[in-house]
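One-letter residues, chain by chain:
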Amino acid sequence: MSMAQKPAKNVSKDVFISELISKMTLEEKLGQLTLYTSDMSVTGPVMRDTYKQDIATGKCGNIFNAYTPEYTRKLQDLAMQSRLKIPLLFGYDVIHGHKTIFPIPLGESCSWDTLMMEESARIAAKEASADGLHWTYSPMVDISRDARWGRVSEGAGEDPTLGAAIARAKVKGYQGSSLKSKETVLSCVKHFALYGAPLSGRDYNTVDMSMSQMFNVYLPTYKAAVDAGAGSVMSSFNDINGVPATANRWLMNDLLRKQWGFKGFIVTDYTSINELVLHGVAANEYEAGVLALKAGIDMDMQGSVYYSFLTKALEKGEVKIEEINDAVTRILAAKWDLGLFENPYLYCDVKRAKSEIMTPAHLQTSEEIAKASVVLLKNKDNILPLKAGSKIAFIGPHVKNQRDLIGNWSGAGDYTKALSLWDALVQTGNASNYSYAMGANVTEDTTLIKKMYIQEFIDKRSKEVLLQEAIAVAKNAEIIVLALGESQGMSGEASSRTDIRIPENQRALMAEILKLGKPVVLMVSSGRPLDLSWEDTHAQAILANWFLGTRSGKALTDILFGNTNPSGKLTMCFPRNVGQVPIFYAEKSTGRPFDENIKYTTKYLDVANTPLYPFGYGLSYTNYAYSNLTLSNNQLKTGDKLKVSISVQNTGKMAGYEIVQLYVQDIVGSNTRPAKELKRFAKIYLNPGETKTIQFELHTDDLKYYNEQLEHLLEPGMFKIFVGRNSADLLEAGFELK
Ligand code: BGC
């Protein structure tokens, strides 16, 4: 294929792009603003059958849901048949790994290990780029405090400081130091903005939020990703205080582009320009297209609205050619940055696809991250770790299950390559001590089974038969490990739930097993925080294991038998029941702070205010003692730095990682402030008996916050510093800002 658009030797990007634009017809320009899904896999409601002809005729410049070097080469060949031979950009949802699958992002965030998270993104980029891809729709950095919302599984939890650190790590991991390297991919920060705060936790629902909440809590993660150089941003489905993100000029042009200085391009989410009509801000798709372009949206995902209506809008003078040219320029710039004009086939390398995907090193990293993501929630009488020689019954739908291990949004992942808990037990060589029964299906709700397309994974035997088999197996064991929880499809997009307990039939199984009076260890798979109140009162130990990816089984057996000391800490509170949701640690005190003995204080009649397991919480097989919290100063002036040190000792018998957390409270301000806000954290390794003194450094800028008028305030007065093992177990000191 000829590559007519190949840049001349010394031509600059700007000159090349403006010359190219000067040759383009309006139709070709609109083609560059158009993104269609291929039919290899489809992630939304609408499909355009003619996408191949569209590519060959310059009507479509970008494709998603197509990968492999062979397939992307075929489609790129079509683009090379078009008049100007502008290369296609290939995007895909590479969310937590491409073929080597890592834990779901919520799980991975519990490692609090930003270097590891950068590494998983680097590996994902390496595999995706080896498989023909240029662009990933990741990181998803939507802060969420609502466990009902299914997409909490894709994010980093409830906290902006931790979320921002992870956002930076991900962008760095995907994009590396140069997009031109064939091992990196363009990242896409999503879903801009506030998609994680839908009313009632229902996906796609309205977002109504104060400006101060937006700027203090929900926007910092997107800003962090943009500051880290993310090359693209995806607009979210939701509206924000009355204006859908995709039509939101303030959000896209004023905030993102002008204030934050974002230079990349903005793509919509799946058909979200068309959805402006259903939102009720446009009477028809023509109006929707005008609104979106005026708002600063560059690329139309799957909607064909720009392609179909912008010609007319230009004729009528409702949009300007400069606005179209600007959008085209930003998209061509990304193609340039990726090196596609020099070689449209740079990422179509069959040899790389064969040798760089699912390598032993990648799988090893996935295993390490999986181990670091598990959170030990309870361990009464140190029943864990288990002894390999014990007679143990492993019961539950998650013991042999493979499909759920790789979680949702596992795109190109192949679940048949994921190591189940049972297969990993067999690999330990001690399987003769272990027995298995499924005990129950993941759910018996036939409507849910249908909605999640999991009919093929359902054991058709009756509930009673499954239960009796489990009881027989349990009777012969000393300890019972129950592997229960959600199926991967119970979280993710369009998977909000109002009952966030383990499905009823699995709880019934657990209740029957408990009647045997033997110790029960519960391993919970989920894509969100669950209400585990009942389980917490009955199980002797509980592990939160999310969906851990390709190497799940190995990570879990290592933790169960103590080859690895669990170190994960929660990044979202686990509520006592769904009625507490949204629940998060950074609450304000209110004018009537909780007091057990005073009726008219903030509380429920039927449940405590506190979560079952707080943010930052997670146990270990060893113990850590915190002491000597010291501040370098007790008075600060604007611009000063404060050094905060703390000693942590491993007082137990096993080496391990501890995640040390520092929170701040601004006691009196002109606005009410949260009782605690995470500002720093450190993950340290301690041998038995070892003590380390950690020093954190804070700057007075860390104490600033936004009010409703969006003034960024630093207010004098007293502050508290808290350091400790989780958001509810902290040592305290104070200082004054003069
Ligand atoms: C999701 C996005 C995703 C897109 C493309 C949408 O439905 O909201 O997160 O990137 O589909 O697959």
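Further up the page is the structure itself.
Every chain is numbered independently, its residues counted from 1 as its sequence is written. The predicted nature of this model means local features are confined to residues of pLDDT at least 70 and side-chain atom pairs, given and counted, to a pLDDT of 80 or more, with totals for whole chains, interfaces and linings taken over all residues. The basis for the side-chain values is all heavy atoms of the structure; hydrogens and waters are excluded.

A. Focus on the site of the ligand. Taken together, 14 residues sit near the ligand, with T43, D93, R151, H191 and D269 positioned nearest. A distance of 2.7 Å separates an oxygen atom of the ligand from a polar side-chain atom of R151. In protein, a polar contact requires one atom able to donate a hydrogen and another able to accept it; more generally it is a pair of N or O atoms within 3.5 Å, and residues adjacent in sequence count only if both atoms are side-chain atoms. Between the ligand and the protein, one listed contact pairs an oxygen atom with a side-chain N or O atom of E493 at 2.9 Å. The protein chains hide 99% of the 310 Å² of surface that the ligand would expose on its own. Note that Gly is not counted as nonpolar here; it falls among the polar residues with everything else outside the nonpolar set of Ala, Val, Leu, Ile, Met, Phe, Trp, Tyr, Cys and Pro and the charged set of Asp, Glu, Lys and Arg. Partitioning the shell around the ligand into residue classes produces 7 nonpolar, 2 polar and 5 charged. Nearness here has a simple test: a residue counts as near a molecule or strand if at least one of its heavy atoms is within 4 Å of that partner. Per-residue accessibility takes into account occlusion by the displayed protein chains alone, with areas from the Shrake-Rupley method and a 1.4 Å probe.

B. Representation of the pattern of salt bridges. We define a salt bridge as a side-chain nitrogen of Lys or Arg found within 4 Å of a carboxyl oxygen belonging to Asp or Glu. Taken as a whole and judged by the stated rule, the model has 40 salt bridges. Linking R122 and E119 is a salt bridge whose minimum nitrogen-to-oxygen distance equals 2.5 Å. A residue pair is termed a helical-turn pair when its members lie 3 or 4 positions apart in one helix, as R122 and E119 do in helix α6 (residues 114–130) at 3 residues. Helix numbering and strand numbering both begin at the N terminus, where a helix is a DSSP run of H or I of at least 4 residues and a strand a DSSP run of E of at least 2.

C. Representation of the nonpolar core. For this analysis, a nonpolar core means a set of buried residues of the types Ala, Val, Leu, Ile, Met, Phe, Trp, Tyr and Cys, connected via side-chain atoms within 4.5 Å. Burial status follows relative accessibility: with a 1.4 Å probe on protein chains alone, a residue under 20% of its type maximum counts as buried, one over 50% as exposed, and anything between as partly exposed. One finds F192, F394 and I395 to be the most contacted residues of the largest nonpolar core, which totals 157 residues. When residues in this core are grouped by element, the largest group, 8 residues, is from helix α14 (residues 321–337). The criterion used for residue contact is that any of the two residues' heavy atoms lie within 4.5 Å. In contact with F394, other than residues within four places in its own chain, are V399, L421, W422, L425, Y434, S435, Y436, A437, V481, L560 and F561. Within the second largest apolar cluster, 27 residues are counted, among which are C60, Y67, A79 and A128.

D. A look at the sheet that holds strand β11 (residues 375–379). Only when DSSP finds a minimum of two bridges between them are two strands counted as paired. The strand order across the open sheet built from 6 strands is β11-β16-β15-β14-β12-β13, with neighbouring strands paired in mixed fashion. Two strands close off the open sheet at either side, each with one partner strand: β11 and β13 (434–437). Across the sheet, the mean angle from the axis of one strand to that of its neighbour is 15 degrees, orientation sign disregarded. For helices, the fitted line uses only the C-alpha atoms of the stretch in contact; every axis is such a line through C-alpha atoms, and the angle between N-to-C directions lies from 0 to 180 degrees.

E. Main features of helix α7 (residues 160–175). Every helix has an expected span of 1.5 Å times one less than the residues it contains. Taking 1.5 Å of rise per residue, the 16 residues of α7 would be expected to cover 22 Å, and the 22 Å separating its terminal C-alpha atoms lies within 8% of that figure. Buried residues dominate α7, accounting for 13 of its 16 residues. The N-cap residue of α7 is D159: its side-chain oxygen and the backbone nitrogen of T161 are 2.9 Å apart. Backbone geometry just after α7 places G176 at a positive phi near 55 degrees.

Taken by themselves, the reported measurements are silent on function.
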